[in-house]
Amino acid sequence: MITITSVREPTTAPLEPDKIPTTREPSPVLSLTPHPTHSTPPTLAPIFSSSSPRPSGPAAMRLTATLCLLLVSALHAGAADRPNILLILGDNWRFPHAGILGDPHARTPAFDRIAKEGVLFTHAFNPAPSCSPCRSSLLTGRAVHELGERASLWSGFPQDTPVVTQLLREAGYAIGYQGKPWAPGNVEVSGWKENPVGPKFAGLEAFLQARRPGQPFFFWVGNTDTATKAGKRPYLDDARQAGLDPARLTIPPELPDCEEVRLDLLNYYGGIIRLDREAAAVLATLEAAGELDRTLIVYGSDNGWQMPRGLGNCYDQGSRVPLAVRWGKTAPAARKVDAFVNLGDLAPTFLEAAGLRPPSTMTMRSLTGLLRGEPAAGREAVFIERERHADVRHGHLSYPMRAVRTRDFLYVRNLRPDRWPAGDPDNLFLHGRPFGDVDTTATKDFLLAHQHDALGRPFFARIFGKRPREELYDLRRDPDQLTDVAADPAYAADLAAQRARVDAWMRDTHDPRLDEAYDAWDRFPYYGKAPK
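The following paragraphs examine the structure supplied in this document. Please read these numbers as outputs of a predicted model, since none were measured by experiment.

**What to know about the overall build of the protein chain**
Here's step 1: A tally of helices and strands in the protein chain yields 13 helices and 17 strands.
Here's step 2: For the protein chain, the residues scored as buried account for 60% of the 532 residues in total.
Here's step 3: As displayed, the protein chain has an accessible area near 20,000 Å², and 56% of this comes from carbon and sulfur atoms.

**Considering the nonpolar core**
Here's step 1: Leu86, Trp93, Phe111, Leu204, Phe217, Tyr299 and Phe464 are the most contacted members of the largest nonpolar core, which has 55 residues in total.
Here's step 2: Discounting chain neighbours no more than four positions away, the residues touching Leu204 are Gln178, Phe217, Phe219, Val282, Thr285 and Leu286.

**Focus: empty space enclosed by the protein**
Here's step 1: Its volume calculated, the largest cavity comes out at about 120 Å³.
Here's step 2: Lining the largest cavity we find 15 residues, and of these Thr228, Asp264, Asn267, Tyr268 and Thr441 sit closest to its centre.
Here's step 3: Taken together, the residues that form the lining of the largest cavity break down as three nonpolar, seven polar and five charged.
Here's step 4: Size it by volume and the second largest cavity reaches roughly 90 Å³.
Here's step 5: Its residues assigned to classes, the lining of the second largest cavity comprises eight nonpolar, four polar and five charged.

**Some remarks on the packing of aromatic side chains**
Here's step 1: For the structure shown, the criterion picks out 20 aromatic pairs.
Here's step 2: Look at Phe111 and Tyr299: their rings are 5.2 Å apart centre to centre, the planes differ by 80°, and that puts the pair in the edge-to-face class. Residue Phe111 is found in helix H2 (residues 109–116), and its partner Tyr299 is found in strand E9 (residues 295–301); the two are separated by 188 residues along the sequence. Accessibility assignment for this pair places Phe111 and Tyr299 in one class, buried.
Here's step 3: Members of the aromatic cluster, each reached through a chain of ring pairs, are Phe201, Phe207, Phe217 and Phe219.
Here's step 4: Here Arg309 stacks its cationic end above the ring of Tyr315, 3.8 Å away from the centre of that ring.
Here's step 5: Residue placement shows Arg320 over the ring face of Phe95; its charged tip is 3.8 Å from the ring centre.

**Let's talk about the sheet that holds strand E17 (residues 470–474)**
Here's step 1: Strand order in this open sheet of four strands is E14-E15-E16-E17, and the pairing throughout is antiparallel. With partners counted over all chains shown, the strands left at the sheet margins are strand E14 (381–386) and E17, one partner each. Across the sheet, the mean angle separating the axes of adjacent strands is 10° when strand polarity is ignored.
Here's step 2: Note: strand E16 (residues 409–414) against E17, five bridges, orientation antiparallel.

**A look at the layout of surface pockets**
Here's step 1: Empty space within the largest pocket amounts to approximately 630 Å³.
Here's step 2: If you trace the largest pocket, you find 29 residues lining it, with Leu153, Trp154, Gln306, Leu430 and Asp439 closest to the centre.
Here's step 3: Grouping the constituent residues of the lining of the largest pocket by class yields twelve nonpolar, nine polar and eight charged.

**What about the pattern of salt bridges?**
Here's step 1: Under the definition given, this model contains 37 salt bridges.
Here's step 2: The salt bridge partner of Asp293 is Arg326, with a shortest N-O separation of 3.0 Å. Remark: Arg326 occurs in strand E10 (residues 320–326) and Asp293 occurs in the loop between helix H7 (259–288) and E9; sequence separation between them is 33 residues.
Here's step 3: Taking relative accessible area as the criterion, Arg326 reaches 9% and is therefore assigned buried.

**Quick look at helix H3 (residues 131–140)**
Here's step 1: Along H3, ten of the ten residues are buried, which leaves the element largely enclosed by surrounding structure.
Here's step 2: All of the buried residues along H3 are Cys131, Ser132, Pro133, Cys134, Arg135, Ser136, Ser137, Leu138, Leu139 and Thr140.
Here's step 3: Contact partners of the buried residues in H3: strand E3 (84–90), helix H4 (164–170), strand E8 (217–222) and helix H9 (346–353).
Here's step 4: Once H3 ends, the next one or two residues include Gly141, with phi positive near 70°.

**What about the pairing of strand E15 (residues 401–406)?**
Here's step 1: Among the six residues that make up E15, six are buried, leaving the element largely enclosed by the rest of the structure.
Here's step 2: In E15, alternate side chains face the same way, and those of Met401, Ala403 and Arg405 on one face and Arg402, Val404 and Thr406 on the other are all buried.
Here's step 3: For E14 and E15, the ladder comprises six bridges, and the chain directions are antiparallel. Counted as the bridge partner of Ile384 is Ala403 from E15.
Here's step 4: In this structure, the hairpin formed by E15 and E16 is closed by a connection of two residues.

**A short note on the side chain of Arg513**
Here's step 1: One can find Arg513 in the segment after helix H13 (492–508).
Here's step 2: A distance of 2.7 Å separates polar atoms of two side chains, one belonging to Arg513 and the other to Asp519.
Here's step 3: Excluding residues that lie within four positions of it along the chain, Arg513 makes contacts with Glu387, Ser398, Pro400, Arg402, Leu415, Arg416, Met506, Tyr518, Asp519 and Trp521.

**Some remarks on the environment of Gly172**
Here's step 1: Turning to its location among the elements, Gly172 is positioned in the loop between H4 and strand E6 (174–179).
Here's step 2: Residue classification places Gly172 among the partly exposed positions, given a relative accessible area of 25%.
Here's step 3: Each C-alpha atom of the pair Gly172 and Gln215 lies 7.5 Å from the other, and the pair is 43 residues apart in sequence.
Here's step 4: Ignoring anything within four residues of it in the chain, the contact list for Gly172 reads Arg82, Arg212, Gln215 and Pro216.

**So, the side chain of Asp474**
Here's step 1: Positionally, Asp474 belongs in strand E17.
Here's step 2: Its relative accessible area of 3% is what places Asp474 among the buried residues.
Here's step 3: Every residue in contact with Asp474, bar those within four places of it in the chain, is listed here: Asp408, Phe409, Val485 and Tyr491.

**Focus on H13**
Here's step 1: Here H13 spans 24 Å end to end across 17 residues, near enough to the 24 Å set by a 1.5 Å rise per residue.
Here's step 2: Looking at the buried positions of H13, the neighbouring elements they touch are E14, E15, E16 and E17.
Here's step 3: Trailing H13 by a residue or two, His510 shows a phi angle of about 55°, which is positive.

Reading guide: rules and limits
- Residues numbered from 1 in each chain as written.
- Predicted model: local features only at pLDDT ≥ 70, side-chain atom pairs only at ≥ 80, totals over all residues.
- Heavy atoms only, no water.
- Helix = DSSP H or I, 4+ residues; strand = E, 2+ residues; numbered from the N terminus.
- Buried < 20%, exposed > 50% of the residue type's maximum accessible area, 1.4 Å probe, protein only.
- Areas by Shrake-Rupley, 256 points an atom, 1.4 Å probe, with all protein chains shown as cover.
- Core = buried A, V, L, I, M, F, W, Y, C linked by side-chain atoms within 4.5 Å.
- Contact = heavy atoms within 4.5 Å.
- 1 Å grid on protein atoms, 1.4 Å probe; cavity = no way out; pocket = protein on both sides within 12 Å on 5 of 7 lines; lining within 4 Å.
- Points joined across faces, edges and corners; volume = space filled by probe spheres on them.
- Nonpolar A, V, L, I, M, F, W, Y, C, P; charged D, E, K, R; others polar.
- Phe/Tyr/Trp six-rings, centres within 6.5 Å; stacked < 30°, edge-to-face > 60°.
- Lys NZ or Arg CZ within 6 Å of the ring centre and 35° of its normal.
- Pairing = 2+ DSSP bridges.
- Axes fitted to C-alpha atoms, helices over the stretch in contact; angles between N-to-C directions.
- Salt bridge = Lys/Arg side-chain N within 4 Å of Asp/Glu carboxyl O.
- Polar contact = N/O pair within 3.5 Å; in protein donor to acceptor, adjacent residues only side chain to side chain.
- Expected span 1.5 Å × (residues − 1).

Next up, the structure:
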């Protein structure tokens, strides 16, 4: 196995889920230490991306030696031992909205195929319910709060941490993407000549034509059809042509049952159809090239959906995502894994699959053992967090959260409960609307219009109102996370247990928010549009 280390230099018919064999974690003890295979040898040398400033002097000598070792090791690895990697990443696509996950309205034959020919993960979550912070963790294999300004939306991307795509490139992989890569943000301000994901291509076919014959590759497909479109509904026809009727859709209990919600949902399901259609086309290209069984295919989403109480929130609506992985004969087919996994786990997974040892800076855990069918251990919980989503509070303030999700509970800690979680009510963000962390939809407009009457008041308060410092939801009785039991004395022991989990995680990952006064995220630049 090739070792990469780093020293920072100064400056088909849906298959019912219960018909798939299940792997569940046996251990009741949460492990917060990196996977044992992540340990690094004593010889350390920096690996820089192709767009990084190049070191000189002794640093250059160390880099040259490390790259020589890397190249020699890579040349000795046979093509069959170095799989291609294909990541199909939806944008704001919520669990369980896929056919194989039991949603009768979701038309997802490509996703269902990957799940049936590979592994279906039923408890996959993002590290942060925000686009670029989640993608930062996916690329670096680190907790979001370990990434400085990248914990916030519309940040820069400092070149101080190994990035999985660049490490693969240095090991001989061709890399590239189509659609949405790491975004939104400003990579140029951090000195990148291209997106950290790699160079952009028109599609997988163009990318395959550009690579050297037989060269292993990493390709990222970033689809945005499941994201909201500034209140527009461009995919209604796609949904109707698939036989979907807004009157027959299931309305989630956190939203009111009205025409505005039903049409927004219909458009969302149309977006799912388009996402899966693009995924099917990519898979067809891969198969035509004879690369299907030589490729590790990951198909999922960065966040939950963009409807109110979704994106930007640590509730399942914003953090739980569909995830399926196909890996030829390496991952036994038609399996369901109920262990808790995090999208940040993909970075060490990709490196280990390529025969590379993840650098010690990666604190997330590889999924390769789970994919091979090994028992899960220490995966009975996942941690979720957020910092500043959009710039929607006076003074550029963040709304920091730390959360833990187990099978029975969701615990959320709101570190600044005096602030508005959805943005200030008098800060008009995009499209002249308040509460800018909730994106523009007809559903949002309905809630704003009915915030003072019986139609909208209970929904409005839950979505836009201020929140207590701690929230606790008993998922055995309240799977939709609507009833906060943190103040119920009957749950005092459960509250203390989940509080302790988050405290331990913050300590073990050196979270700056351990200092109650820490607010540096309020001062990081925001490169998106300014509020009015």
